[in-house]
Number of protein chains: 2
Amino acid sequence: MENVTGRLGLDTPPGTLGTIRNAAVLLHLLSEGPAYQPLTDLAERAGLTAPTVHRLLRSLKQFNLVEQDPRSSRYGLGPELVRLSACYLDRLPALSALNPYLVQLRNVTKATVQVAALVGTSVVYVDRVDGEDGSGLFRDRRRADIAVRTAAGRVLFARAAPSMRGEAERMLGLSISEEEWQQWETSPYLCTRADDHTSITEIAVPVEDSAGYTLVCLSASAASDFIAQEGEDTIAQHLLRAASSLRGVLGHG
Amino acid sequence: MENVTGRLGLDTPPGTLGTIRNAAVLLHLLSEGPAYQPLTDLAERAGLTAPTVHRLLRSLKQFNLVEQDPRSSRYGLGPELVRLSACYLDRLPALSALNPYLVQLRNVTKATVQVAALVGTSVVYVDRVDGEDGSGLFRDRRRADIAVRTAAGRVLFARAAPSMRGEAERMLGLSISEEEWQQWETSPYLCTRADDHTSITEIAVPVEDSAGYTLVCLSASAASDFIAQEGEDTIAQHLLRAASSLRGVLGHG
DNA sequence: CGTAAGCATTCCACTATAAGGAAGTCAATA
DNA sequence: TATTGACTTCCTTATAGTGGAATGCTTACG
């Protein structure tokens, strides 16, 4: 069934609502860039007029899905999204199933252990047990990133659909060799070293259900020299063992 | 300006959109109860017809704000909420400011340290550093709760607005004495002991900005006998000290 | 096996709503 | 003080969104 172009010039598949699409577009735009953005800028990027965007934002604000900075009048995402997300995660079987393993994994690897999920082209870190290294002064607590920038994101991205390689190349801004892409798809674990000041290495393994469908990712992160000392393979084995334990437990969902 | 009753019999304040209200109502309903709920049930509780709810859910599904369980056809919250929430939290100044303190607080208190925020009548735990007790087999990883059930929730709730006592009583299903309510509002810290099998005690302190506005809560949780041994006051002092350090740093936002 | 029930989904007609143009308001700046 | 940019409100209009009716699908039961 073909998409229909509404008066907005934006596609609205039949049986869906243009107003919901508009709101979703605004939430998406607000999720990129600074915490608060000007209404007129949002209007331009959404392809809508300022009064339309004003009404949409005002409606979203009414339910705390969006908030307005009183000083600058600019708009940003709202706290109700945090509550809805918490409700969603509190019911996610894969997270409940992984929960008893995380502290033990941290204890044996001495690294920061996280659970990651793929949402669109983003990787989101949905649970975490902090490692034992250091004082936590420079604790990296980013919850979302572009998927292909992280080991966990690459593991999930490569397994999401067979033909995501082109998309991954666009996101990275460079070519991915056939060999490297195959490694992302099939290697029991992947490893990335941050190219920022943190010198953090991340090791990630897929967590699959009994049908072989990848649900989430388990990852361990620590300083690169610490990982070199313990050995990537050793840490990966701990993660793989936990993932294997769960395989029979997790139904598709 | 008075609310206007639309054809739905639901209030839509002027200048806001009924369709957004409907979607927000559905997201709210989906955040309560089981992970997946029947469409006809949602329709009844929202006061909308099944075709309307179907179109709304189909639209929300298109943007991953909602998902449909392929086996039961029932609807649930979607993963895009997790990504949006992560984006929101990654830009929250209070969280960034608190981040360097959390591991140190855990180290000195030996308890699980968390940061909590109030969203409506819910308390949501938005960051966490796990304590050093035990194997983590029975790790309590709930991210959202009814505010008045937890120490952090009570601290935030009592400071949210002057006249929330009645609402708190409704939520608890019992009366709150003037003395107890005043304690929630003004005590430097609050303490609750879970009445479930976990025997976990939580100690919570407010984190305020330079204007005295309560942004979030810092809490420490551990087994009740562990807390008794270390002393509530001692643990609370550690939290209060961290909260004080931040007071000058955090602008109103 | 046929029937009924429950639930999700689609079709169609109608009208109330959502969109945009114009105008108003407010704060910052030259 | 006038101008500019951004947000907000008002009003008109076209169509999108709603609900009633019908259809499709799955499961349970006699």
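In this text, all values refer to a predicted model and were calculated from it rather than measured experimentally.

1. Structural notes on the overall build of chain A
On a plain count of helices and strands, chain A comes out with 10 helices and 10 strands. Across its three principal directions, the C-alpha atoms of chain A cover 60 × 45 × 35 Å. Within the span of chain A, comprising 253 residues, buried residues form 43% of the whole. Taking as baseline every contact in chain A between residues at least 6 positions apart, the subset at least 24 positions apart corresponds to 53%.

2. Let's talk about the relation of the copies chain A and chain B
Mapping chain A onto chain B calls for a rotation angle of 180 degrees and an axial translation of 0.0 Å; the resulting RMSD is 0.1 Å. Here the transformation between the copies is reduced to the relation of a two-fold axis. Taken as a fraction of all interface residues of chain A, those also at the interface in chain B reach 100%, which identifies the copy contact as same-surface.

3. Structural notes on the pairing of strand β5 (residues 112–119) of chain B
Residue and element names in this part refer to chain B. Extensive coverage of β5 is indicated by the burial of 8 of its 8 residues. Alignment of β5 against strand β10 (residues 214–223), held across 5 bridges, turns out to be antiparallel. Bridging across to β10, Q114 finds its partner in S219. Here β5 pairs with strand β6 (residues 122–129) via 7 bridges, running antiparallel. Among the inter-strand pairings, Q114 is bridged to a residue of β6, identified as R128. Adjacent in sequence and paired antiparallel, β5 and β6 are bridged by 2 residues, among which G120 carries a positive phi angle near 65 degrees.

4. Some remarks on the protein's contact with DNA strand D
Taken together, 24 residues sit near DNA strand D, with T19, L39, T40 and P51 of chain A together with T52 of chain B positioned nearest. Those elements that place two or more of their residues in the surface near DNA strand D are α1 (18–30), α2 (39–46) and α3 (50–62) of chain A together with α1 (18–30) and α3 (50–62) of chain B. A per-element tally of the surface near DNA strand D places α3 of chain B first, with 4 residues. Here the surface near DNA strand D is composed, by residue class, of 9 nonpolar, 12 polar and 3 charged.

5. Re the nonpolar core
If you look at the biggest cluster of nonpolar residues, it comprises 153 residues, and the most contacted ones within it are A116 and L239 of chain A together with A116 and L239 of chain B. Ignoring sequence-local partners within four residues, the contact set of L239 of chain A consists of L105, Y189, I203, V205, L218 and A220 of chain A.

6. Things to note about the packing of helix α6 (residues 151–160) of chain B against helix α8 (residues 178–186) of chain B
A pair of packed helices can be characterised by two numbers: the angle between their axes and the separation between those axes. Residue and element names in this part refer to chain B. Viewed as axis vectors pointing N to C, α6 and α8 meet at an angle of 95 degrees, and their least axial separation amounts to 7 Å. Here α8 runs roughly perpendicular to α6, going by the angle between their axes. Facing α6, whose interface residues are R154, A158 and R159, α8 presents W181, W184 and E185. Grouping the amino acids of the contact of α6 with α8 by side-chain chemistry returns 3 nonpolar, no polar and 3 charged.

7. A few points about the interface of chain A and chain B
Chain A puts 57 residues into the contact, and the matching count from chain B is 57 residues. Every element with two or more residues in the side of chain A that touches chain B is listed here: α1, α3, α4 (80–90), α5 (93–109), β5 (112–119) and β6 (122–129) of chain A. At 11 residues, the largest contribution of residues to the side of chain A that touches chain B is made by α4 of chain A. Residue composition of the side of chain A that touches chain B, grouped by class: 30 nonpolar, 14 polar and 13 charged.

8. Thoughts on the sheet that holds strand β9 (residues 200–208) of chain B
Strand order in the open sheet made by the 6 strands is β7-β6-β5-β10-β9-β8 (chain B), with antiparallel pairing throughout. Looking at the sheet topology across the chains shown, the edges are occupied by β7 (144–146) and β8 (190–193) of chain B. For this sheet, the mean inter-axis angle between neighbouring strands, taken without regard to orientation, is 30 degrees. Lying on the sheet, α4 of chain A is in contact with β5, β6 and β7 of chain B; it crosses β6 of chain B at an angle near 75 degrees.

9. A closer look at α4 of chain A
Most of α4 of chain A is tucked away, with 10 of its 11 residues classed as buried. The complete set of buried residues in α4 of chain A reads E80, L81, V82, R83, L84, S85, A86, C87, Y88 and L89 of chain A.

10. Some words on the domain arrangement of chain A
Along its sequence, chain A is organised into domain 1 (4–83) and domain 2 (92–247). Placing a centre on the C-alpha atoms of domain 1 of chain A and another on those of domain 2 of chain A gives a separation of 32 Å.

11. With respect to α3 of chain A
Here α3 of chain A spans 18 Å end to end across 13 residues, near enough to the 18 Å set by a 1.5 Å rise per residue. Looking at the buried residues of α3 of chain A, the elements they touch are α1, α2, β3 (66–68) and β4 (75–77) of chain A together with α1 of chain B. Just past α3 of chain A, the residue N64 of chain A takes up positive phi, approximately 60 degrees.

12. Digging into the environment of I235 of chain B
Residue and element names in this part refer to chain B. Its location among the elements puts I235 in helix α10 (residues 232–247). You can call I235 buried: it has 27 C-beta atoms within 10 Å. Sequence spacing of I235 and A111 is 124 residues, and the spatial spacing of their C-alpha atoms is 8.7 Å. Ignoring anything within four residues of it in the chain, the contact list for I235 reads T109, A111, I203, A220, I227 and E230.

13. Side note on the sheet that holds strand β7 (residues 144–146) of chain A
Residue and element names in this part refer to chain A. Read from one edge of the open sheet, 6 strands run β7-β6-β5-β10-β9-β8, paired in antiparallel fashion. Since the sheet does not close on itself, it has two edges, and those belong to β7 and β8 (190–193), each with one partner. Averaged over all adjacent pairs, the angle separating strand axes in this sheet is 30 degrees, with direction ignored.

14. Notes on the packing of helix α5 (residues 93–109) of chain B against α10 of chain B
Residue and element names in this part refer to chain B. Where α5 meets α10, the axes come as close as 11 Å, and the angle between the chain directions of the two elements is 160 degrees. As the angle between them shows, α5 and α10 are arranged roughly antiparallel. Crossing angle aside, the handedness with which α5 passes α10 is right-handed. Contacts between α5 and α10 involve A97, L98, Y101, L105, V108 and T109 from the former and I235, H238, L239, A242 and L246 from the latter. Taken together, the residues of the contact of α5 with α10 sort by class into 9 nonpolar, 2 polar and no charged.

Scoring rules and cut-offs
Residues numbered from 1 in each chain as written. Chains lettered and ligands numbered in written order. Predicted model: local features only at pLDDT ≥ 70, side-chain atom pairs only at ≥ 80, totals over all residues. Helix = DSSP H or I, 4+ residues; strand = E, 2+ residues; numbered from the N terminus. Buried ≥ 20, exposed ≤ 12 C-beta atoms within 10 Å, placed from the backbone. Contact = placed C-beta atoms within 7 Å. Least-squares fit on C-alpha atoms with pLDDT ≥ 70 in both. Pairing = 2+ DSSP bridges. Near = placed C-beta within 6 Å. Nonpolar A, V, L, I, M, F, W, Y, C, P; charged D, E, K, R; others polar. Core = buried A, V, L, I, M, F, W, Y, C linked by C-beta atoms within 7 Å. Axes fitted to C-alpha atoms, helices over the stretch in contact; angles between N-to-C directions. Parallel < 35°, antiparallel > 145°, perpendicular 65-115°, else oblique. Domains from an automatic or database assignment. Expected span 1.5 Å × (residues − 1). Left-handed = near helix turned anticlockwise from the far one by under 90°.

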